[in-house]
Amino acid sequence: MEKFDLIVIGAGPGGYVAAIKAAKLGMNTAVVENIRAGGTCLNRGCIPAKAMIHASENYKMMVDGCEELGISCENPSFNYGKIVEYKKSTTDTLVTGIEGLLDANGITRIEGKGRLEADKSVTVTDTEGNETSYEADKVIIATGSVPALIPIEGIDLPGVLTSDGVFALEEMPESLVIIGGGVIGVEFATVYANLGAKVTIIEAMPKVLDMLDKEISQNLKMILKKEGVDIHANAMCQKIEAVDGGYKVTYDEKGKIQEATGQYVVCAAGRKPNLDGVFGEGVEIAMAGKLIDTNENFETSIPGVYAIGDCTHGIKLAHTASAQGIYCVEKMAGHTPEINLDVIPSCVYTDPEIAQVGMTEEDAKAAGIDVKVGKFIMSANGKSVITKEKRGFIKVVLRAEDDVIIGSQMMCARATDMISEMGTAIVNKLTAQQIISAVRPHPTYNEGITEAFEDAIGESLHTAPKRRRK
């Protein structure tokens, strides 16, 4: 039986990053994957979704914006099949790159489905059903998550799709009913509304993107409605039925029974840990509900077995899994991790982009923290005016006693790129004055960061001094 220092089950953003880090630290490492390197994010999630968003936004720009720029674009059209090809080629390129990285670092790639056994060995079942066992000093479970289906009548009908099913569509849908107004739901709504489909969102929570800053949710709802997306919040789906030309969703919206129809129904109501078949007979591992329970070092109740990413606790994001993978491997190697897992940015690739890190004003209020809040409306930003951006803003939250930044929320062009500066500032406990001291070039979207901090401490030329908010 071949033996390794470390076997990683799953080659998604958590697994492959952990494997590469382990190899760089001198561990003889193997990674087991039953589909393709990159996991859900690369093959059926973040990357294909963002590729489709990019394509649809370019089409939308030709339809809506070229005349304002003095550019003639008569009768713009799109080829959905070629958009799908572009999405696939983007994924293929990145998968090849990850596989190359694994090979370059001397990591053994084992194709098949991994199963942890009671003796801490790993059994791999290949596509032919053949089983091979491997020994390891340590094992990391990084099997990620899969789409979750809500338990209602009709959820198993053929035209009811998960995110995986949407990515598999080869023809442009005319209409969609999306169950769920979280990140997955609003990003799909953005793609297909841009391409001209009729889109309806049914969300059980009081607002779309309910986990983000209230002002972001409110603004996004207004923007999506302007783009023709029909949004119903505080709405509970009851059943799905097949009708001529598509499907009908019956839902209860604030006590009133309503109906929405579409060619397809997309269930985007969350994800669940991908643990089917991961544990062999006799494996007893502590669980936290449906998730694998771990300690602060990501070690499970079985010594030498670790778990990271969507199958365990924490924010369910690709970059979170990668960070956990690095932290976990450094800990098992006896090193002191430098990465800070307490400050994780969240990003949504709508138009405009949305990004958030640290505490919101509502979070601070709930925690009893006295804060100053600064905001800059990006319609006054030169670069935003040049590029004809939609209304957006940059908001910063400071601890009132010392002006240290504790949070930031952005809804504007390039928000997902700019939020890292705010994460760095929070991790290093920088003050507003320290952040303002850096000169940001003109014209850039980043100038809005300076303006927001100046607004927070009352130094902006455009606003009155701020009062503390409790």
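Here is what the cut-offs are and how they apply
- Residues numbered from 1 in each chain as written.
- Predicted model: local features only at pLDDT ≥ 70, side-chain atom pairs only at ≥ 80, totals over all residues.
- Heavy atoms only, no water.
- 1 Å grid on protein atoms, 1.4 Å probe; cavity = no way out; pocket = protein on both sides within 12 Å on 5 of 7 lines; lining within 4 Å.
- Points joined across faces, edges and corners; volume = space filled by probe spheres on them.
- Helix = DSSP H or I, 4+ residues; strand = E, 2+ residues; numbered from the N terminus.
- Nonpolar A, V, L, I, M, F, W, Y, C, P; charged D, E, K, R; others polar.
- Axes fitted to C-alpha atoms, helices over the stretch in contact; angles between N-to-C directions.
- Parallel < 35°, antiparallel > 145°, perpendicular 65-115°, else oblique.
- Left-handed = near helix turned anticlockwise from the far one by under 90°.
- Contact = heavy atoms within 4.5 Å.
- Buried < 20%, exposed > 50% of the residue type's maximum accessible area, 1.4 Å probe, protein only.
- Polar contact = N/O pair within 3.5 Å; in protein donor to acceptor, adjacent residues only side chain to side chain.
- Core = buried A, V, L, I, M, F, W, Y, C linked by side-chain atoms within 4.5 Å.
- Pairing = 2+ DSSP bridges.
- Phe/Tyr/Trp six-rings, centres within 6.5 Å; stacked < 30°, edge-to-face > 60°.
- Lys NZ or Arg CZ within 6 Å of the ring centre and 35° of its normal.

## Quick word on the layout of surface pockets
Estimates place the volume of the second largest pocket at around 870 Å³. As for the second largest pocket, its lining consists of 26 residues, and the residues nearest its centre are E57, M61, D351, T387 and E389. Top contributing element to the lining of the second largest pocket by residue count: helix α3 (residues 46-64), with eight residues. In the lining of the second largest pocket, the residues fall into eight nonpolar, six polar and twelve charged.

## Thoughts on the packing of α3 against helix α4 (residues 80-104)
Contact geometry of α3 with α4 gives a least axis separation of 9 Å together with a crossing angle of 140 degrees. When the axis of α3 is compared with that of α4, the two are oblique. Note that α3 runs across α4; the crossing there is right-handed. Note on element contacts: α4 touches α3 through Y80, I83, Y86, K87, T90, T91 and L94, opposite I47, P48, A51, M52, H54 and A55.

## Details of the side chain of S322
Within the secondary structure, S322 is located in helix α8 (residues 318-332). What makes S322 buried here is its relative accessible area of 17%. Here P13 takes part through its backbone oxygen, which lies 2.8 Å from a polar atom of the side chain of S322. Setting aside chain neighbours within four positions, we find S322 in contact with P13, G14 and V17.

## A closer look at the nonpolar core
One finds I178, Y192 and I201 to be the most contacted residues of the largest nonpolar core, which totals 39 residues. Looking at this core, the elements that each hand over two or more residues are α3, α4, α5 (163-168), β9 (175-179), α6 (183-194), β10 (198-202) and α7 (214-226). Those residues in contact with Y192 that sit more than four places away from it in its chain are M52, Y80, V166, M172, P173, L176, A197 and V199. Residues A355, A415, I419 and I449 belong to the second largest nonpolar core, which totals 28 residues.

## A word on empty space enclosed by the protein
All told, the structure shown has two cavities of 30 Å³ or more when counted by the stated rule. Counted as a void, the largest cavity has a volume near 100 Å³. In this structure, the largest cavity is lined by 13 residues; those nearest its centre are T190, N194, L224, E227 and D351. Secondary-structure elements contributing two or more residues to the lining of the largest cavity are α6 and α7. Among the elements that make up the lining of the largest cavity, the one with the highest residue count is α6 (four residues). Taken as a whole, the second largest cavity spans an internal volume of roughly 50 Å³. As for the second largest cavity, its lining consists of P147, A148, T162, S163, I184, C267, A268, A269, G270 and R271. By residue class, the composition of the lining of the second largest cavity is six nonpolar, three polar and one charged.

## What about the environment of F78?
Note on placement: F78 falls in the loop between α3 and α4. On a C-alpha basis, the gap between F78 and A18 in space is 40 Å, while along the polypeptide they are 60 residues apart. Here F78 is in contact with Y59, I83, M172 and L195, once residues within four sequence places are set aside.

## Here's the deal with the sheet that holds strand β21 (residues 354-358)
Taken in spatial order, the five strands line up as β20-β21-β24-β23-β22 in an open sheet, and their pairing is antiparallel. What marks the edges here is a single partner per strand, and that holds for β20 (346-348) and β22 (371-377). Direction aside, neighbouring strands of the sheet carry axes that sit 15 degrees apart on average. Strands β22, β23 (393-399) and β24 (404-411) of the sheet are contacted by helix α13 (residues 447-456), whose axis makes an angle of about 140 degrees with β22.

## Topic: the packing of aromatic side chains
By the definition in use, this model includes five aromatic pairs. Pairing Y59 with F78 gives two aromatic rings, centres 5.0 Å apart and planes at 75 degrees, and the pair type is edge-to-face. Placement of Y59 in helix α3 and of F78 in the loop between α3 and α4 is noted, with a sequence separation of 19 residues between them. Just above the ring of F393 sits the side chain of K375; from NZ or CZ to the centre is 5.4 Å.

Honestly, it's all geometry; don't read function into it.
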